[in-house]
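Single-letter residue listing:
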Amino acid sequence: MNLYEKQRERLAAELQGKGIRDERVLAAIRKIPRHLFVPEALAGQAYNNTSLPIGEGQTISQPFTVARMLELLALEGGEKVLEIGTGSGYQAALLAILAGQVFTIERIESLARQARKVLDRLDIYNVNIRIGDGTLGWSRYEPFEAIVIAAAGPEPPPVLLQQLTLGGRMAVPLGDHEGAELVLLRKTAGGLEKQVVDPCRFVPLIGKDAWPG
Ligand code: SAM
């Protein structure tokens, strides 16, 4: 086992200690090399349970928050999933293991291009990246069994709720850069079920149905 593999084992154990129970999520954390998704100068910190800057004023999210959001989606392996906020591509790489097909939207072109490079380097081909405003969704590939939003907005974008299957789950931080709460929404025949999960911190979701740029 090399140094990074050992650090990933340690991170997975730490996340388990903090309450992450989904074995598939923990296995994906053990497998995906997070150090490749951060600037080279920060590779030594990649397996700390912290968010890190990735350029353009954006961050790769804290591993615990990523693991919690993925666990909330309760993926079994064949789902079509939409992620808003590709960022570094790390969470998309985890989703590529946990789901069948991943669609991810990033508004900053340079981040999307860098994420594509790293995913290609890892031979991850079930992730489709689009550059644009994720609050508008991706109608060509709807509906999605799960949607995860990696930035904090004022409310769940209505178009994304429409693009969720009946029975589908959405993990979404609601709030702004000063503070947010992670919310799980389930779309049922009777309406939306809402569960407030944890307080969290995220960069703002910027777009038509979010905060202004
Ligand atoms: N999931 C990412 C990862 O694994 O590195 C972390 C995402 S970072 C915390 C949030 C990202 O959301 C930023 O890259 C930001 O540019 C992007 N973003 C913010 N508003 C967006 C929008 N309306 N559509 C798409 N991306 C957006």
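By the naming in an unreviewed UniProt entry, the protein chain goes by Protein-L-isoaspartate O-methyltransferase and is assigned to Candidatus Glassbacteria bacterium GWA2_58_10. The record held by UniProt for the protein chain lists under Catalytic activity (unreviewed entry) the comment "[protein]-L-isoaspartate + S-adenosyl-L-methionine = [protein]-L-isoaspartate alpha-methyl ester + S-adenosyl-L-homocysteine". Taken directly from UniProt, the Subcellular location (unreviewed entry) text for the protein chain runs: "Cytoplasm".

Draft legend 1. Structural detail: the sheet that holds strand E6 (residues 144-149). Read from one edge of the open sheet, seven strands run E5-E4-E3-E6-E7-E8-E9, paired in mixed fashion. Sheet topology places strand E5 (127-131) and strand E9 (191-200) at the edges, where each strand pairs with a single neighbour. Adjacent strand axes in the sheet meet at a mean angle of 15° when their direction is disregarded. Bridge count between strand E3 (residues 80-84) and E6: four bridges; the pairing is parallel. Across the sheet, residue Val-81 finds its bridge partner in E6, namely Ala-146.

Draft legend 2. Representation of the UniProt feature "active site" (unreviewed entry) in the protein chain. The sites that UniProt annotates as "active site" (unreviewed entry) are Ser-61. Its location among the elements puts Ser-61 in the loop between strand E2 (58-60) and helix H3 (63-73).

Draft legend 3. Up close: the site of the ligand. In the vicinity of the ligand there are 27 residues, among which Ser-88, Glu-106, Asp-133, Gly-134 and Ile-206 approach most closely. For the ligand, a nitrogen atom lies 3.1 Å from a polar atom in the side chain of Glu-83. Mapped by element, the contributors of at least two residues to the shell around the ligand are E2, E3, helix H4 (90-98) and strand E4 (101-106). Looking at the shell around the ligand, the element that brings in the most residues is E2, giving three residues. Of the residues in the shell around the ligand, the class split is 11 nonpolar, 12 polar and four charged.

The rules behind these values
- Residues numbered from 1 in each chain as written.
- Predicted model: local features only at pLDDT ≥ 70, side-chain atom pairs only at ≥ 80, totals over all residues.
- Heavy atoms only, no water.
- UniProt positions renumbered as here; feature names shortened; annotations may be inferred.
- Pairing = 2+ DSSP bridges.
- Helix = DSSP H or I, 4+ residues; strand = E, 2+ residues; numbered from the N terminus.
- Axes fitted to C-alpha atoms, helices over the stretch in contact; angles between N-to-C directions.
- Near = heavy atom within 4 Å.
- Polar contact = N/O pair within 3.5 Å; in protein donor to acceptor, adjacent residues only side chain to side chain.
- Nonpolar A, V, L, I, M, F, W, Y, C, P; charged D, E, K, R; others polar.

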